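Here is how the chains run, residue by residue.
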Amino acid sequence: MFRKGIIILALLFSVIAALHAQKTPEFSTDPKLFPAQLKDFFSQDNHTEVKPLMDEFEELWVKKNLYSYSEQSIIINRAISMQQQKMRVWPDFYSYIHLIVAYKTSKISESKLDEYIEVSDKLLATKLKKNYKDLNERVEQLFTGLTLYKSENTEWRASNDAYDLGYDNEPTVTFPKFDIQLFTKGDTLSIFETSGTYYPLSFRFTGGQGTVYWTRVGFEREKAFAVLPKYKIDLRNSEYKSDSVLFSFPKVFDKPILGRINDKAMTEYMGAKASYPRFQSYQNIFTIKNIFENIDYRGGFKLEGPRINGTGTDTDRASITISQNGKVVLKALSKSFLIAPDRISAERAAVSIYLEDDSVFHSQLYFHYVEKNRSLTLSRDNIGLYASPF
């Protein structure tokens, strides 16, 4: 009895080994035979997504006959190569056919298919072969929506399809000229008139010169903008930084100033309350005459959204000077002044008020100037201490 059991087990193992030893017939190069062979090959997998994909592929290939003969040859040859490399139905073949369906339904040019095949050939010949599914999914996002990265809350997108797929130790997508934009539910971050290279396996983007406008916080294009010489973005994030940018703000500066930029897309639209984009000058001290009529500013310069952040230090505080009839009547010192298009404020300011032959000084007041009615309020603990029109 025991011996019979051993014999039966041996026979079972022999049958299983024989079944595993059987090879799936190689795909034919005949376009008419390929769909049925592919469908049979896919039947080895029990993922529920497989059948709907094959139905859609057959619809395009057989019933609508949308693939040209040259496209069919390219597609079949890649499938044969994948089969020879013993690549799996799931996820390798599934992601490949899914991409091929998206390629046709998105009406992508055949030259892009050629570029994809060349790039993926190089990838499959390296240790990056394990990332084949990821490459297919990211090229598909590019084909269908010009999407570079997409998460639940964010989407980085290219503005046009004038790109080239390439390979430089890893797959690349090069954009000679385009706009790169990040969309959230309520905000949009943009770098215009730029160029660069996207690395789809790592979601990195390396950009060349580009321009950031402060239009999303209310400025006209030519009123506030920064020119970036180069920059890098991890597209999994919703912000980036760049150094050595030239910032133009004609209302305040006669020529561009040098500094750094930090931009971030928020989840909700902030409008005039937004604090991005942000620019900070490298230069520590500026003198800005008539930032409002008869009001001068001296100190550091940051632009945070639509507001200027006038900065100072403990030893060299920023200052606001108000004049009347050519004479200084008030001077306020603070480590930080917020200068909006219609007002100036500081939470802690040392204020000197100059009378004809005397002066009044207070070491710590809340400073609030409104341009519309040219009124100044000085207060202590939010209680009005001094208010007067200028």
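Preceding this paragraph is the structure being described.
Let me begin by describing the structure that accompanies this report. Because the structure is predicted, anything quoted here is derived from the model rather than measured.

### Some words on the overall build of the protein
For the protein, the count of helices and strands is seven helices and 22 strands. Radius of gyration (C-alpha) of the protein: 32 Å, far over the 21 Å computed for a compact globule of 390 residues. Each principal axis of the C-alpha distribution contributes one length, and for the protein these read about 120 × 55 × 35 Å. A burial count over the protein gives 46% of its 390 residues as buried. About 21,500 Å² of surface is accessible on the protein, with carbon and sulfur atoms providing 51% of the total. Taken as two groups, the 51 positive and 48 negative side-chain charges of the protein have centres that lie 4 Å from each other.

### A word on unusual backbone geometry
Cis geometry is found at the peptide bond from Trp90 to Pro91, where omega equals 10°. Tracing the chain through its elements places Pro91 in helix 5 (residues 89-105). Cis peptide bonds are those with omega within 30 degrees of zero, and the linkage from Tyr276 to Pro277 qualifies with 0°. With respect to the helices and strands, the residue Pro277 is situated in the loop between strand 11 (257-264) and strand 12 (278-281).

### Re the environment of Pro91
A relative accessible area of 15% means that Pro91 is categorised as buried. For the pair Pro91 and Val217, spaced 126 residues apart in sequence, the C-alpha separation works out to 45 Å.

### Considerations on the packing of helix 5 against helix 7 (residues 132-145)
In the contact formed by helix 5 and helix 7, the axes pass within 9 Å of each other and the chain directions differ by 15°. Considering the angle they form, helix 5 stands roughly parallel to helix 7. Here the hand of the crossing between helix 5 and helix 7 comes out left-handed. For the pair helix 5 and helix 7, the contacting residues are Pro91, Asp92, Ser95, Tyr96, His98, Leu99, Ala102 and Tyr103 in the first and Tyr132, Lys133, Asn136, Val139, Glu140, Phe143 and Thr144 in the second. Grouping the amino acids of the contact of helix 5 with helix 7 by side-chain chemistry returns eight nonpolar, four polar and three charged.

### Looking at helix 5
The end-to-end C-alpha separation of helix 5 is 22 Å, in line with the 24 Å expected for 17 residues at 1.5 Å each. Most of helix 5 sits inside the fold, with 14 of its 17 residues counted as buried. Of the residues trailing helix 5, Lys107 is marked for its positive phi of about 60°.

### What to know about the packing of aromatic side chains
Applying the stated criterion across every chain, the model contains 32 aromatic pairs. Arranged with centres 5.4 Å apart and planes meeting at 80°, the rings of Phe27 and Phe41 form a pair that is edge-to-face. With Phe27 in the loop between helix 1 (2-21) and helix 2 (34-42) and Phe41 in helix 2, the pair connects residues that are 14 residues apart, well separated along the chain. Across this residue pair, the class does not change: Phe27 and Phe41 are buried. An angle of 20° between the planes, with centres 4.5 Å apart, marks the rings of Phe247 and Phe279 as stacked. Of this pair, Phe247 sits in strand 10 (residues 239-248) while Phe279 sits in strand 12, and the two are 32 residues apart along the sequence.

### So, the environment of Asn46
Position of Asn46 relative to the elements: it lies in the loop between helix 2 and helix 3 (50-63). Note: C-alpha distance between Asn46 and Trp90 (44 residues apart in sequence) is 9.3 Å.

### Focus: the nonpolar core
Grouped together as the largest cluster of nonpolar side chains are 107 residues, with contacts concentrated most on Trp214, Phe301 and Phe367. Excluding residues within four positions of it along the chain, Phe301 makes contact with Phe247, Phe249, Phe253, Ile257, Phe279, Gln280, Ser281, Phe286, Ile288, Ile308, Asn309 and Thr311.

### Comments concerning helix 3
Owing to its 3.6 residues per turn, the α-helix brings residues three or four apart onto one side. Relative to the 20 Å expected for 14 residues at 1.5 Å per residue, helix 3 spans 19 Å between its end C-alpha atoms, a close match to the ideal helical length. When helix 3 is considered as a whole, its buried residues turn out to be Val50, Leu53, Met54, Phe57, Glu58, Leu60 and Trp61. Each element contacted by the buried residues of helix 3 is listed here: helix 2, helix 4 (69-84) and helix 5. At the C-terminal side of helix 3, Asn65 shows a positive phi close to 50°.

### Overview of the side chain of Ser120
Mapped onto the elements, Ser120 comes out in helix 6 (residues 110-124). One polar contact links Ser120 to Arg78, side chain to side chain, over a distance of 2.7 Å. Not counting chain neighbours up to four residues away, the residues in contact with Ser120 comprise Arg78, Tyr132 and Leu135.

### Some thoughts on the pattern of salt bridges
For the coordinates displayed, the defined rule picks out 22 salt bridges. A cluster of three or more residues bridged by salt bridges with shared partners is formed by Lys133, Asp134, Glu137 and Arg138.

Parameters and conventions
- Residues numbered from 1 in each chain as written.
- Predicted model: local features only at pLDDT ≥ 70, side-chain atom pairs only at ≥ 80, totals over all residues.
- Heavy atoms only, no water.
- Helix = DSSP H or I, 4+ residues; strand = E, 2+ residues; numbered from the N terminus.
- Rg over C-alpha atoms; globule rule 2.2 N^0.38 Å.
- Buried < 20%, exposed > 50% of the residue type's maximum accessible area, 1.4 Å probe, protein only.
- Areas by Shrake-Rupley, 256 points an atom, 1.4 Å probe, with all protein chains shown as cover.
- Lys, Arg positive; Asp, Glu negative; His and termini not counted.
- Charge placed at Lys NZ, Arg CZ, Asp CG, Glu CD.
- Axes fitted to C-alpha atoms, helices over the stretch in contact; angles between N-to-C directions.
- Parallel < 35°, antiparallel > 145°, perpendicular 65-115°, else oblique.
- Left-handed = near helix turned anticlockwise from the far one by under 90°.
- Contact = heavy atoms within 4.5 Å.
- Nonpolar A, V, L, I, M, F, W, Y, C, P; charged D, E, K, R; others polar.
- Expected span 1.5 Å × (residues − 1).
- Phe/Tyr/Trp six-rings, centres within 6.5 Å; stacked < 30°, edge-to-face > 60°.
- Core = buried A, V, L, I, M, F, W, Y, C linked by side-chain atoms within 4.5 Å.
- Polar contact = N/O pair within 3.5 Å; in protein donor to acceptor, adjacent residues only side chain to side chain.
- Salt bridge = Lys/Arg side-chain N within 4 Å of Asp/Glu carboxyl O.

What is shown is where atoms sit, not what they do.
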